Amino acid sequence: MTVTDDTAVITRPQIGPRQLFIDGQWREAGAGERFEIVDPSTGKPVTTVAEADADDLDSAVRAARAAFDDGRWSGLPGRERARILLRVAALVRERADEIVAVESVDVGKPVSLCRPVDVMTTAEQYEYCAALAQTAGGSNRETPLDAHAYTRREPLGVVGAITPFNFPLILSTSKIAPALAAGNTVVHKPAEDTPLSALLMAEILTEAGVPAGVVNVVTGKGSTVGEALLQHRGIDKIAFTGSTAVGRHAASVAGENLTPVTMELGGNAAHIVFEDADVDKAIGAIIKGFVFNTGQFCMGGPRLLVARPLYETVLGILGQAVPGVPVGDPFDPATVVGPMAGDKHVRKVEEYVQIARADGGRIVAGGERLDLGGGYYYKPTVIADLPNTSRVVQEEIFGPVLTVQPFDTEDEAIALANSTEYGLASGLQTSNVARAHRVAARLQAGIVWVNDWAMLDPAVPFGGVKNSGFGREYGPEALESYSKVKSVVISLA
Ligand code: NAD
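Here goes a summary of the coordinates provided. Note that the structure is a prediction, hence the values are computed from the model and not measured. (Residues numbered from 1 in each chain as written. Predicted model: local features only at pLDDT ≥ 70, side-chain atom pairs only at ≥ 80, totals over all residues. Heavy atoms only, no water.)

## Quick word on unusual backbone geometry
Within the chain, Leu258 stands out as a residue other than glycine whose phi angle is a positive 55 degrees. Along the chain, Leu258 turns up in the loop between helix H8 (244-257) and strand S11 (261-264). Taking relative accessible area as the criterion, Leu258 reaches 76% and is therefore assigned exposed. Even without glycine at this site, Asn293 takes up a positive phi of about 60 degrees. (Helix = DSSP H or I, 4+ residues; strand = E, 2+ residues; numbered from the N terminus. Buried < 20%, exposed > 50% of the residue type's maximum accessible area, 1.4 Å probe, protein only.)

Here you go:
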């Protein structure tokens with residue numbers, strides 16, 4: 001984890017009540033409802049946000065439709081869209097302190113990590129997508145027909161983006177940036193717990209020159225406004241990131257309407273340490289893999305599989321090192337692990353740790369809440385000796401919990417790694433290059449890391465297999481999922 005010291009001066013922001021952003025205007029929800037946003041590090045209210053309903057959502061879709069149909073965005077040359085996206089990136093860099101403060105108070109992210117990870121990745125995604133906007137296009141096709149045949153890459157129309165609570169900024173950007181690059185308009189429904197950066201980004205997009213109606217933000221509950229977005233016939237594509245349970249429902253509604261979808265869902269990755277690994281180096285990646293974002297990380301590595309000769313050694317090192325990871329106030333620049341985003345998330349972790357104890361798990365570190373006088377803190381926790389069938393191993397806990405299991409052979413490690421319903425990420429530690437390639441090919445995951453964890457970049461696609469979803473974000477693949485190909489064949493006869 002790269003911790004920067006540029007954040008020493010970032011303090012908790014004062015945030016006034018926020019409204020919906022529809023058709024370039026800030027508006028109250030039609031029914032006048034609002035909901036409260038809480039600072040996870042104190043449990044105290046930060047501000048209130050307008051709570052949209054299905055009628056507000058409909059207004060947003062109509063605005064996005066009108067903005068798409070009149071070509072104010074889709075009709076711009078790719079190079080002009082790119083120029084505006086680059087301005088978005090520049091403003092994100094310029095306003096980084098403000099964005100860090102908002103994201104940190106909303107989610108509980110340590111400011112030391114929020115800047116290099118969440119904010120800089122956002123700027124980089126806009127820069128990368130600006131390049132895609134300029135270079136994407138169709139191609140000529142050779143054919144024996146007496147014809148000139150070529151393809152055009154066209155935007156889909158109105159994209160409905162639904163995002164989860166844990167990486168609000170990055171995950172909304174991973175949809176909005178490629179959607180805009182391809183010429184679409186967007187209706188974004190951020191998670192109800194953490195909508196503040198989406199509203200701040202609406203300001204930034206406007207300041208950069210994205211025309212009114214092109215990006216609309218409707219805040220509110222998944223069960224009401226999220227559901228209305230899924231059901232709306234004016235939506236041409238649904239880009240969903242969230243839990244497998246809600247994703248399954250979203251995909252079935254989209255299936256009924258024959259709306260294209262991408263699904264970025266839950267994860268429960270295995271991190272394999274082979275006997276030929278550089279253990280000192282591996283420990284850093286292992287700890288990063290399960291404490292990063294307080295374990296609220298779909299691509300985290302919460303299942304550690306260790307070659308039996310190294311099993312007790314690795315447990316011993318983790319038992320020493322994990323209690324030393326700095327947990328605390330996200331606005332303290334020394335903090336590496338902040339609070340969880342809400343009390344319900346801590347309670348879920350508590351339930352899983354209770355199950356682990358009942359299943360014979362050995363608590364090597366943590367195993368309880370951390371009392372810092374308020375806020376939703378849980379100690380980074382390491383649990384050994386659980387059977388592979390335990391729910392604690394098989395299910396997505398989404399907290400700072402690592403289970404550790406031994407294995408005897410390469411085949412067994414791969415079988416254990418592939419033994420859950422998920423397939424988002426996976427990783428291995430080895431000094432044997434042949435093994436790295438061999439095992440990477442057999443792991444059921446959308447991305448495999450070797451000798452580190454969470455190496456992500458806008459150029460490298462990610463997404464899931466199995467119940468972790470389908471479709472890819474990042475890379476040129478992202479643009480493909482926000483555009484359609486039309487073939488044109490012109491007779492030369
Ligand atoms: P969630 O599924 O509870 O909510 C995700 C979004 O869906 C929220 O905006 C929510 O309001 C909305 N929603 C809820 N019910 C809805 C409905 N009936 N119709 C439409 N929208 C609805 O997920 P969460 O708790 O916010 O996020 C955590 C989950 O997201 C974890 O499972 C995690 O693995 C996953 N996740 C996946 C990725 C990825 O890239 N694959 C990234 C981050 C998080």
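## Notes on the packing of helix H2 (residues 78-94) against helix H4 (residues 111-135)
Interaxial distance between H2 and H4 falls to 8 Å at its minimum, and their mutual angle equals 170 degrees. It follows that H2 is roughly antiparallel to H4 by the angle criterion. Taken together, the residues of H4 that come into contact with H2 (itself represented by Gly78, Arg79, Ala82, Leu85, Leu86, Val88, Ala89, Val92 and Arg93) are Val119, Met120, Thr122, Ala123, Glu124, Tyr126, Glu127, Cys129, Ala130, Ala133 and Gln134. Of the residues in the contact of H2 with H4, the class split is 13 nonpolar, three polar and four charged. (Axes fitted to C-alpha atoms, helices over the stretch in contact; angles between N-to-C directions. Parallel < 35°, antiparallel > 145°, perpendicular 65-115°, else oblique. Contact = heavy atoms within 4.5 Å. Nonpolar A, V, L, I, M, F, W, Y, C, P; charged D, E, K, R; others polar.)

## Thoughts on the nonpolar core
Counting 59 residues, the largest nonpolar core has Val119, Tyr126 and Leu180 as its most contacted members. The greatest single-element share of this core, amounting to 10 residues, is contributed by H4. Apart from residues no more than four positions distant in its own chain, Val119 is found in contact with Val92, Ala96, Ile99, Val100, Cys114 and Leu169. Membership of the second largest hydrophobic core comes to 27 residues, among which are Val158, Ile162, Val218 and Ala228. (Core = buried A, V, L, I, M, F, W, Y, C linked by side-chain atoms within 4.5 Å.)

## Observations regarding the packing of aromatic side chains
Considering all chains together, one arrives at eight aromatic pairs under this definition. Considering the side-chain rings of Phe21 and Trp26, the 4.7 Å spacing of their centres and the 50 degrees angle between planes classify their relative orientation as tilted. Of the residues examined, Phe21 reaches a relative accessible area of 4% and is grouped as buried. Since its relative accessible area comes to 31%, Trp26 is described here as partly exposed. Within the aromatic cluster, the residues linked to one another by ring pairs are Phe167, Phe292 and Phe297. For the cation-ring pair, Arg18 lies above Trp26, with the distance from its terminal atom to the ring centre recorded as 4.9 Å. Between the NZ or CZ atom of Lys109 and the centre of the ring of Phe167, over which it lies, the distance is 3.7 Å. (Phe/Tyr/Trp six-rings, centres within 6.5 Å; stacked < 30°, edge-to-face > 60°. Lys NZ or Arg CZ within 6 Å of the ring centre and 35° of its normal.)

## Side note on helix H6 (residues 196-208)
Between the first and last C-alpha of H6 there are 19 Å, a value that for 13 residues agrees with the 18 Å anticipated at 1.5 Å per step. All of the buried residues along H6 are Leu196, Ser197, Ala198, Leu199, Leu200, Met201, Ala202, Ile204, Leu205 and Ala208. (Expected span 1.5 Å × (residues − 1).)

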